[in-house]
Amino acid sequence: MRIGMIGLGRMGSNMVRRLQRGGHECVVHDVNAAAMLSLQAAGATPAAGLEAFVAALASPRVIWLMLPAGVVGSTLARLTPLLAAGDIVIDGGNSDYRAAIARSQDLAAHGLEFVDAGTSGGVWGLEAGYCLMLGGSPAAVEHLDPVLRTLAPGGDTPATAGRGYLHCGPAGAGHFVKMVHNGIEYGMMAAYAEGLNLLAAAGNGLQARTADAETAPLAHPEAYRYDLDLPAIAELWRHGSVVRSWLLDLLASSLARNPALDSFSGRVSDSGEGRWTLQAAIDLGVPTPVLAGALFSRFSSRDEDAFANKVLSALRQEFGGHHEKSQ
């Protein structure tokens, strides 16, 4: 199949490479000319503008967007007038599922099909394949099956879910499932982070502790005198433990390279899916305290609680004359 890809970042470019390995022809477009040239060297056809991009695709055109959520709308506004009835547009980025519902309706008015494709796999997807969560009409998803089979990890089960892709439902369903997937990811990552942090603190009983009114005493320092090998523990848990996972594999690899993780500042970003997950949970009245805590901890990592902490310090000084400690 001949397919167009707009957005050649880490995932988009690797998806193109995987599609080409699978025998598909790819037309590519990106604002970064170097990204297009790199894929041209790998066999893709670059298109400097959207007009040339659309012209290089035969009807019914299949166009996959791998763009940040914030630019999908503006890209579609420029792309839609260039398309013809029956063309299929796929949004494979992390867009809000509610935007997918609206975009499907907007494109349908032009005779176009819209498929929201929640895509998981990261930089490893080129070799391992991508997990694809799809929303849209059954006919559009069926038309895309050759592309989906190539991008997915594969398998010998008759059900597509066992091969790594699934038509989850009508417009928005794919991004809704991917949204919750990413909310779970936040929670899993936070659990590993908090657990490793506790292990890292297990030797605090070996350290001298300031004795003053501003420092809570360590009641039983003799119980916390462990110098634990965190890389070895992470590696241990990968073998037979009930908490083993691919995320743990990645964590163990990172700790093996840099046990103190001192190349990281600890500032953790969020790209929207965790927020949308909580909004859906509130709308539906579904309790998700773990996912909420994981999202809020990311906010804290970026010092977005800095003023709140100043309020706490100010109040302690006001009612008790407590002065902040420098460390």
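For the structure, check the block above.
This write-up is about the structure you can find in this document. (Residues numbered from 1 in each chain as written. Predicted model: local features only at pLDDT ≥ 70, side-chain atom pairs only at ≥ 80, totals over all residues. Heavy atoms only, no water.)

With the exception of glycine, the majority of residues adopt a negative phi angle, and the majority of peptide bonds are in the trans configuration. That bond from Ser 59 to Pro 60 is cis: its omega, -10 degrees, falls within 30 degrees of zero. Of note, Pro 60 is situated in the loop between helix H3 (50–55) and strand E4 (62–65). Backbone geometry at Leu 261 places phi at a positive 50 degrees, although glycine is not the residue there. Tracing the sequence through the fold places Leu 261 in the loop between helix H11 (246–257) and helix H12 (273–284). Looking at Leu 261, the relative accessible area reads 30%, which means it is partly exposed. One non-glycine residue, Asp 303, adopts positive backbone phi at about 60 degrees. With a relative accessible area of 58%, Asp 303 lands in the exposed category. (Helix = DSSP H or I, 4+ residues; strand = E, 2+ residues; numbered from the N terminus. Buried < 20%, exposed > 50% of the residue type's maximum accessible area, 1.4 Å probe, protein only.)

With 189 residues separating them in the primary sequence, Leu 261 and Val 72 have C-alpha atoms 35 Å apart. When residues no more than four places from it in sequence are discounted, the contact partners of Leu 261 are Ser 254 and Leu 255. (Contact = heavy atoms within 4.5 Å.)

Burial analysis of strand E1 (residues 2–6) places four of its five residues in the buried class, which makes it a mostly covered element. Pairing between E1 and strand E2 (residues 25–29): five bridges, direction parallel. Counted as the bridge partner of Ile 3 is Cys 26 from E2. With helix H1 (residues 10–21) bridging E1 and the parallel E2, this β-α-β connection has right-handed handedness. Sheet topology places E1 next to E4; three bridges connect them, and they run parallel. From the neighbouring strand, Ile 6 faces E4, where its bridge partner is Leu 65. (Pairing = 2+ DSSP bridges. Right-handed = clockwise from strand over helix to strand, strands pointing away.)

Applying the stated criterion across every chain, the model contains three aromatic pairs. Measuring from ring centre to ring centre gives 5.9 Å for Phe 296 and Phe 299, while their planes differ by 50 degrees; the resulting arrangement is tilted. Taken together, the positions of Phe 296 and Phe 299, both in helix H13 (residues 289–301) and three residues apart, correspond to about one turn of that helix. Under the relative-accessibility criterion, Phe 299 is labelled buried at 18%. Here the guanidinium or amino end of Arg 298 rests over the ring plane of Tyr 186, the centre of that ring lying 3.6 Å away. (Phe/Tyr/Trp six-rings, centres within 6.5 Å; stacked < 30°, edge-to-face > 60°. Lys NZ or Arg CZ within 6 Å of the ring centre and 35° of its normal.)

The next subject is the sheet that holds strand E8 (residues 165–169). Read across the sheet, eight strands follow the order E3-E2-E1-E4-E5-E6-E7-E8 without closing on themselves; strand pairing throughout is mixed. Two strands lie at the open edges of the sheet, namely strand E3 (45–46) and E8, each paired on one side alone. Bridging between E4 and strand E5 (residues 88–91) involves four bridges; their strand directions are parallel. Looking across to E5, one finds that Val 62 is bridged to Ile 88. Sitting on the sheet, H1 touches E1, E2, E4 and strand E6 (113–120), and the angle it makes with E1 is about 170 degrees. Lying on the sheet, helix H5 (residues 97–108) is in contact with E5 and E6; it crosses E6 at an angle near 150 degrees. (Axes fitted to C-alpha atoms, helices over the stretch in contact; angles between N-to-C directions.)

Okay, the nonpolar core next. Residues Met 5, Val 28 and Trp 64 are the most contacted members of the largest nonpolar core, which totals 30 residues. Counting 19 residues, the second-largest nonpolar core is a separate cluster that includes Val 27, Phe 53, Leu 76 and Phe 114. (Core = buried A, V, L, I, M, F, W, Y, C linked by side-chain atoms within 4.5 Å.)

E6 sits mainly inside the fold: seven of its eight residues count as buried. Relative to E6, E5 runs parallel, the two sharing four bridges. Across the sheet, residue Ile 88 finds its bridge partner in E6, namely Glu 113. With H5 bridging E5 and its parallel neighbour E6, the resulting β-α-β unit is right-handed. Where E6 meets strand E7 (residues 131–135), five bridges bridge the pair, whose relative direction is antiparallel. In the strand pairing of E7, Gly 118 is matched with Met 133.

What follows is about a nonpolar patch on the surface. On the surface, a cluster of nonpolar side chains totalling about 460 Å² of accessible area is made up of Phe 307, Val 311, Leu 315 and Phe 319. Of note, Phe 307 is situated in helix H14 (residues 306–320). (Patch = residues over 30% accessible without salt bridge, like charges linked within 9 Å, V, L, I, M, F, W, Y side chains within 5 Å. Areas by Shrake-Rupley, 256 points an atom, 1.4 Å probe, with all protein chains shown as cover. Salt bridge = Lys/Arg side-chain N within 4 Å of Asp/Glu carboxyl O.)

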